[in-house]
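# Breakdown of the fold
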Amino acid sequence: MTDTLVASSPARRAKPASQRPLEDRAPSATKSGQLADFLPYQLSVASNAVSDLIADRYRERFGLKILEWRVMAVLGDNSDARSDNALTQRELTEAILTDKVAINRACKVLEGRGLIARVPNATDGRSHRMVLTEEGRAIHREVLPIALSTERELLADFDEAEQTLLRAMLERLRRKVDRLA
C-alpha cells in the first residue's frame with residue numbers, strides 16, 4: 001500500500017519533456033515535433049534560465065531588472081563620459097535585440113535612478129545618446145564580476161575546447177539568422 005502511494009505522489013511524477021535532458025528522453029522524442037525539441041524554444045528556455053540565474057544574484061542588491069542590466073552592460077562596454085562613445089536608444093535596441101518600447105522604458109527607469117544620462121547627439125539633433133553616469137559605472141563595475149563569476153560556474157563542466165566550440169556554434173547560428181533575416 002505504501003509503495004502505491006509513493007509511486008502516485010506528485011514528487012514521483014516524471015518531469016515534462018521540456019525539463020528533461022535530451023539523453024533522458026525516449027529515442028522518438030526528438031522526432032516527435034514536440035515544442036521541447038524545437039531549437040528556438042530550447043535556446044529561449046536556456047537563455048531565460050541563464051538570465052534569471054544571473055539576475056537573481058544582482059536584483060536584490062542593485063534593484064535592476066534583466067533588461068535594465070542589459071542596457072547598462074551594453075553602455076558599459078560601449079560608452080564613457082564622452083557622448084561620442086555613447087549609444088542611441090535605436091542602437092541599444094539593435095545591440096540587445098529587443099523592442100524599442102522596452103528599451104525606452106528601461107532607459108527611463110535607469111535615467112530616473114541617475115544611472116544613465118541623455119547627452120546630445122552631435123550627428124542627429126532629433127535624438128540623444130545614452131551614457132552611464134558615474135553611479136551607473138560604479139554599479140556596472142560591481143555587477144559585471146557577479147555575472148562573469150556566474151558564467152564561470154555555468155561553464156565549469158565544459159572543458160576549454162567545449163566552451164570555445166559552444167561560443168563558436170552560437171556565433172555561427174547568430175550569423176546564419178542575420179543572413180536569413
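Please refer to the structure placed before this passage.
First, a word on what this report is: a plain description of the structure on this page. (Residues numbered from 1 in each chain as written. Predicted model: local features only at pLDDT ≥ 70, side-chain atom pairs only at ≥ 80, totals over all residues. Heavy atoms only, no water.)

### Considering the overall build of the chain
As a reminder, the rule being used: In this text, helices come from DSSP runs of H or I with a minimum length of four residues, and strands from runs of E with a minimum of two, each type numbered from the N-terminal end. Accessibility here uses a 1.4 Å probe with only protein chains present; expressed as a share of the type maximum, an area under 20% marks a residue as buried, one over 50% as exposed, and anything in between as partly exposed. The contact definition used throughout considers only heavy atoms, calling two residues in contact when any of these lie within 4.5 Å. All accessibility values rest on the Shrake-Rupley procedure with a 1.4 Å probe; residue burial counts only the protein chains present in the view.
If you tally the helices and strands in the chain, you get seven helices and two strands. Each helix (α) and strand (β) of the chain, taken in turn from the N terminus, gives the series α-α-α-α-α-β-β-α-α. Evaluated residue by residue, the chain yields a buried proportion of 27% over its 181 residues. Partitioning the intrachain contacts of the chain with sequence separation of at least 6 by distance along the chain shows that 49% fall at a separation of at least 24. For the chain, the computed accessible surface area is about 12600 Å², with 55% contributed by carbon and sulfur atoms.

### Concerning helix α6 (residues 134–155)
Rules: The span expected for a helix works out to 1.5 Å for each residue beyond the first.
With 22 residues, α6 ought to run about 32 Å at 1.5 Å a step, and its terminal C-alpha atoms sit 32 Å apart, in line with that. Restricting attention to buried positions, one finds in α6 the residues Gly136, Ile139, His140, Val143, Ile146, Ala147, Thr150 and Leu155. Packed against the buried residues of α6 are α2 (39–62), α3 (66–78), β2 (128–132) and α7 (160–180).

### A look at the nonpolar core
Formally: Among buried residues, the Ala, Val, Leu, Ile, Met, Phe, Trp, Tyr and Cys ones that are joined through side-chain atoms within 4.5 Å form a nonpolar core.
Counting residues in each nonpolar core, the largest one holds 28 residues, and the members touching the most others are Tyr58, Leu64, Val71, Met72, Leu75 and Leu92. Elements with a minimum of two residues in this core: α2, α3, α4 (89–96), α5 (100–112), β2 and α6. When residues in this core are grouped by element, the largest group, seven residues, is from α3. When residues no more than four places from it in sequence are discounted, the contact partners of Met72 are Leu64, Leu110, Leu115, Leu132, Gly136, Ile139 and His140.

### Some thoughts on the pattern of salt bridges
Note the threshold: Only one rule defines a salt bridge in this text: a Lys or Arg side-chain nitrogen within 4 Å of an Asp or Glu carboxyl oxygen.
Under the defined criterion, the tally for this structure stands at eleven salt bridges. Between Arg61 and Glu142 there is a salt bridge, and its shortest N-O distance comes to 2.6 Å. Of this pair, Arg61 sits in helix α2 while Glu142 sits in helix α6; the two residues are 81 residues apart in sequence, bridging distant segments of the chain. Three or more residues are tied together by salt bridges with common partners; here these are Glu134, Arg137 and Arg141.

### Quick word on α3
Spanning 13 residues, α3 covers 18 Å between terminal C-alpha atoms, matching the ideal 18 Å at 1.5 Å per step. Buried within α3 we find Leu67, Glu68, Trp69, Val71, Met72, Ala73, Val74 and Leu75. Residues of α3 that are buried make contact with α2, α4, α5, β1 (116–120), β2 and α6.

### Some points on a nonpolar patch on the surface
Using the following cut-off: Patch membership requires over 30% relative accessible area and the absence of a salt bridge. Like charges are linked within 9 Å, and nonpolar side chains (Val, Leu, Ile, Met, Phe, Trp, Tyr) within 5 Å.
Together, Leu39, Leu43, Phe158, Leu166, Leu170, Leu173 and Val177 line one region of the surface with nonpolar side chains, adding up to about 530 Å² of accessible area. Among the elements of the structure, α2 and α7 are those that each provide at least two residues to the nonpolar patch. At four residues, the largest contribution of residues to the nonpolar patch is made by α7. Looking at where Leu170 falls in the secondary structure, it is placed in helix α7. Accessibility expressed as a relative area gives 43% for Leu170, which makes it partly exposed.

### Concerning the packing of α3 against α4
Our working rule: Simply put, an axis is a line fit to the C-alpha atoms, just over the touching stretch for a helix, and the angle between two N-to-C directions goes from 0 to 180 degrees. In what follows, roughly perpendicular refers to angles from 65 to 115 degrees, roughly parallel to angles under 35, roughly antiparallel to angles over 145, and oblique to any angle outside these ranges. We call Asp, Glu, Lys and Arg charged. Ala, Val, Leu, Ile, Met, Phe, Trp, Tyr, Cys and Pro are nonpolar, and the rest, Gly among them, are polar.
Their axes nearest at 10 Å, the elements α3 and α4 cross at an angle of 105°. Taken together, the axis directions place α3 and α4 in an arrangement best described as roughly perpendicular. Between α3 and α4, the residues in contact are Leu67, Arg70, Val71, Val74 and Leu75 and Leu92, Ala95 and Ile96, respectively. By residue class, the composition of the contact of α3 with α4 is seven nonpolar, no polar and one charged.

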